[in-house]
Amino acid sequence: MAVTEAQNPLLGENTCGSLLKKLQEIWDEVGESDEQRDKMLLQLEQECLDVYKRKVEQAAKSRAQLLQALSDAKLELSSLLSALGEKSFAGIPENPSGTIKEQLAAIAPVLEQLWQQKEERIKEFSDVQSQIQQICGEIAGNLNLNDASPAVDESDLSLKKLDEYQSELQELQKEKSERLHKVLEFVSTVHDLCAVLGMDFFSTVTEVHPSLNDSTGVQSKSISNDTLARLAKTVLTLKEDKKQRLQKLQELASQLIDLWNLMDTHPEERSLFDHVTCNMSASVDEVTVPGALALDLIEQAEVEVERLDQLKASRMKEIAFKKQTELEDIFARAHVEIDPDAAREKIMALIDSGNVEPAELLADMDNHIAKAKEEALSRKDILDKVEKWMSACEEESWLEDYNRDDNRYNASRGAHLNLKRAEKARILVNKIPALVDTLVAKTRAWEEDHGMSFTYDGVPLLAMLDEYAMLRHEREEEKRRMRDQKKHHEQRNTEQEAIFGSRPSPGRPVSSGKVGGTRANGGANGTPNRRLSLNAHQNGSRSTKDGKRDIRPVAPVNYVAISKEDAASHVSGTEPIPASP
């Protein structure tokens, strides 16, 4: 009671002591007994204890709540740091101290900052995930997405997770850009193909996807797998159509050109279809002119081919004879003998009989022409060497005439040109034996491959070469005999000089210049004799288109080049001797 009775200046006059004093005065005045007084005092003390207990309990409860709030704040702080991926925060005290309220007051601003940061981070995540969702929808082909934002996982709002989403977004944006680029490339290709094929571009791309048509006002193009696949299929279809149309147009152009050539169509009439024939040899990629492969253009060419086919039937004989002339020209250039008159009579009989279709007859003649070209091609190598051989023989003939000319070294006009030609001729003549050997080998190989004899204007080439070999041998024998006669003549002159002391005036020996008035290789002008006379070309004539022969320089049969010693002996003699240095 001593404590309660102490004066408390803050409470004024109504203190426990003053009230107890008033209570005692009342008791004294009333006359309460001491027992009653003690009982009432104990009751007062108990009531005071109860008040203190309630206050203590309230204080303890308040402290517990503050501790719980502090614990919750720390837990929330830890949760926010974990969600944001932060290990620490600048505003958090490292070693918290002070009262509970002081600790709560220190944590509160940190929590507020973290909450604000969390809200900003959630917004960033939502923006990134919305863009990802949008692009994924575009790739999946769903352009009409709802406005529902994607759910953000608030348990992980770390910068690392945000970077992962941003990386995913960048990859999707890159893929979107690549897909859009592919779509635009496909659309551009479709536009070019439609232009060449004469097709409606807008209707074609609208069938693939309406967003590809710029005239519809759709801003975003479809970049889905389905759109890309349909675009690729459309491009392949258009390219195949372009290829088939070009092939058809080239076939029609080829038919037009063949018909024009057969009927000698005027250039002005041909120029009307320049837009058809201009792509005759073009590749698919080279045809880029709009409308170049339109269906109406192809139909126009088909109508013209049909018209010319009907016209061709009425000019069948003229066309057939023209093809026969082409066939005869091929055989003439290949030096193959045929009977043109019999072939023309047969063509006339077939056409007049009406037993053969004009198209079949022309196709059969085209086959003959193709086979003739193949045969001519197989003979080309041998014929080229035959031409070289005969050209060399002509040079050898000229060289022999040149060597017999006593005035060849005079300073006459053009003598230096003849001298140069003689030098070149000697080089060419020296190559004749090797050329002939090669020609024989190739001819035999050709005959083995084809199972037939190789003829040159009706004469077997190997027979010509055999004749050449025999005449070559005779030429060698003649030269050997002439050298022996010359040696004998010189020996006789030497003996006469020894007997009479002086050499008589040289006379012309009977056999030193010409033998029997002819050259050893045939006639005086080098005309071959015996079997070589069967060779029309060797006799200096060629077949012409009208069956006549035209005269050309005759190749000599003296194809053997004599040695330098023989040439010197001929030059030193009293009479020029035909020789081939």
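All values reported here derive from a predicted model rather than from experimental measurement.

A word on the overall build of the protein
- The secondary structure content of the protein amounts to 17 helices and four strands.
- Split into buried and exposed, the 581 residues of the protein put 32% on the buried side.
- When contacts within the protein are restricted to residue pairs at least 6 apart in sequence, long-range pairs at least 24 apart make up 71% of them.
- By element, 52% of the accessible surface of the protein is carried by carbon and sulfur atoms, the whole surface being about 35800 Å².

Looking at the packing of helix α15 (residues 432-450) against helix α16 (residues 461-500)
- In contact at an axis separation of 10 Å, α15 and α16 are set at 150° when each is read in the N-to-C sense. Compared by their axis directions, α15 and α16 come out roughly antiparallel. The hand of the α15/α16 crossing is left-handed. Judged by residue contacts, I432, P433, V436, L439, V440, T443, R444 and E447 of α15 engage L461, L462, L465, Y468 and R472 from α16.
- For the contact of α15 with α16, the per-class residue count stands at nine nonpolar, one polar and three charged.

Some points on the packing of aromatic side chains
- The full count for this structure, using the stated rule, is six aromatic pairs.
- Here W260 and F273 contribute two aromatic rings whose centre-to-centre distance is 6.3 Å and whose plane-to-plane angle is 50°, an arrangement assigned as tilted. You can see W260 sitting in helix α7 (residues 225-263) and its partner F273 sitting in the loop between α8 (267-271) and α9 (274-277), a full 13 residues away along the chain. The same class applies to W260 as to F273, namely buried.

A few points about helix α3 (residues 34-84)
- With 51 residues, α3 extends 74 Å from end C-alpha to end C-alpha; this agrees with the ideal 75 Å at 1.5 Å per step.
- Looking at α3, one finds that the buried residues are R37, L70, A73, L77, L80, L81, A83 and L84.
- Following α3 by one or two positions, G85 has its phi on the positive side, about 75°.

Structural notes on the pattern of salt bridges
- Summed over all chains, the structure comprises 18 salt bridges.
- Residue K323 is joined to D366 by a salt bridge in which the shortest nitrogen-to-oxygen separation is 2.5 Å. Of this pair, K323 sits in helix α11 (residues 316-333) while D366 sits in helix α13 (residues 358-404), placing them 43 residues apart in sequence.
- For D366, a relative accessible area of 34% corresponds to the partly exposed category.

Some points on helix α14 (residues 415-430)
- Under the 1.5 Å per step criterion, the end-to-end length of α14 is 23 Å for 16 residues, consistent within 8% with the ideal 22 Å.
- Within the sequence span of α14, burial applies to A415, A422, A425 and V429. Along α14, the residues classed as buried sweep out an arc of 70° about the axis, all on the same side. Turned more than 90 degrees away from the buried face of α14 sit L417, K420, K424 and I427, all of them exposed.
- Looking at the buried residues of α14, the elements they touch are α13 and α15.

Description of the confidence of the model for the protein
- In the predicted model, the protein carries a mean pLDDT of 77, and 80% of its residues have values of at least 70.
- Low confidence marks residues 1-11, where pLDDT is under 50. Its contacts with residues over four positions away, or in another chain, come to eight contacts.
- Here residues 503-581 scores under 50 on pLDDT; set against residues more than four positions off or in separate chains, the count is 175 contacts.

Re the UniProt feature "coiled-coil region" (unreviewed entry) in the protein
- According to UniProt, the "coiled-coil region" (unreviewed entry) feature falls on residues 49-76 and 155-182.
- Taken as a whole, residues 155-182 contains 86% helix and 0% strand, while its terminal C-alpha atoms sit 39 Å from one another.

Digging into the environment of E240
- Tracing the backbone shows E240 in helix α7.
- Residue class for E240 comes out partly exposed when judged on its relative accessible area of 38%.
- The sequence separation of E240 and V284 amounts to 44 residues, and the corresponding C-alpha distance is 9.8 Å.

A look at unusual backbone geometry
- Positive phi, normally seen in glycine, also occurs at H335, with a value near 60°.
- Here H335 is to be found in the loop between α11 and α12 (340-353).
- Here the phi dihedral of D457 falls at roughly 55°; this positive angle occurs in a residue that is not glycine.
- Here D457 is to be found in the loop between β1 (455-456) and β2 (459-460).

Things to note about the environment of I330
- Of note, I330 is situated in helix α11.
- Put simply, I330 and A370 are 40 residues apart on the chain and 10.0 Å apart in space, counted from C-alpha to C-alpha.
- When residues no more than four places from it in sequence are discounted, the contact partners of I330 are I369, A372, K373 and A376.

Description of the packing of helix α4 (residues 100-140) against helix α5 (residues 159-197)
- One way to put it is that α4 packs onto α5 with a least axis distance of 10 Å and a crossing angle of 30°. As summarised for this structure, α4 and α5 are arranged roughly parallel, according to the angle between their axes. Regarding α4 and α5, the two cross each other, and that crossing is left-handed. Between α4, through R121, E124, F125, V128, Q129, Q131, I132, I135, C136, E138 and I139, and α5, the contact on the second element is made entirely by L159, K161, L162, Y165, Q166, E168, L169, L172, Q173, E175, K176 and R179.

Quick look at the side chain of R379
- Residue position: R379 is located in helix α13.
- As a buried residue without a salt bridge, R379 has its nearest oppositely charged side chain in E375, at a separation of 4.6 Å.
- Within the structure, the side chain of R379 is placed 3.4 Å from the backbone oxygen of H335, a separation counted as a polar contact.
- If we ignore the near neighbours within four places in the chain, the residues touching R379 are A334, H335, V336, W446, F454, T455 and Y456.

Calculation rules
- Residues numbered from 1 in each chain as written.
- Predicted model: local features only at pLDDT ≥ 70, side-chain atom pairs only at ≥ 80, totals over all residues.
- Heavy atoms only, no water.
- Helix = DSSP H or I, 4+ residues; strand = E, 2+ residues; numbered from the N terminus.
- Buried < 20%, exposed > 50% of the residue type's maximum accessible area, 1.4 Å probe, protein only.
- Contact = heavy atoms within 4.5 Å.
- Areas by Shrake-Rupley, 256 points an atom, 1.4 Å probe, with all protein chains shown as cover.
- Axes fitted to C-alpha atoms, helices over the stretch in contact; angles between N-to-C directions.
- Parallel < 35°, antiparallel > 145°, perpendicular 65-115°, else oblique.
- Left-handed = near helix turned anticlockwise from the far one by under 90°.
- Nonpolar A, V, L, I, M, F, W, Y, C, P; charged D, E, K, R; others polar.
- Phe/Tyr/Trp six-rings, centres within 6.5 Å; stacked < 30°, edge-to-face > 60°.
- Expected span 1.5 Å × (residues − 1).
- Salt bridge = Lys/Arg side-chain N within 4 Å of Asp/Glu carboxyl O.
- Arc of directions from axis to C-beta.
- pLDDT = per-residue confidence, 0-100.
- UniProt positions renumbered as here; feature names shortened; annotations may be inferred.
- Lys, Arg positive; Asp, Glu negative; His and termini not counted.
- Polar contact = N/O pair within 3.5 Å; in protein donor to acceptor, adjacent residues only side chain to side chain.

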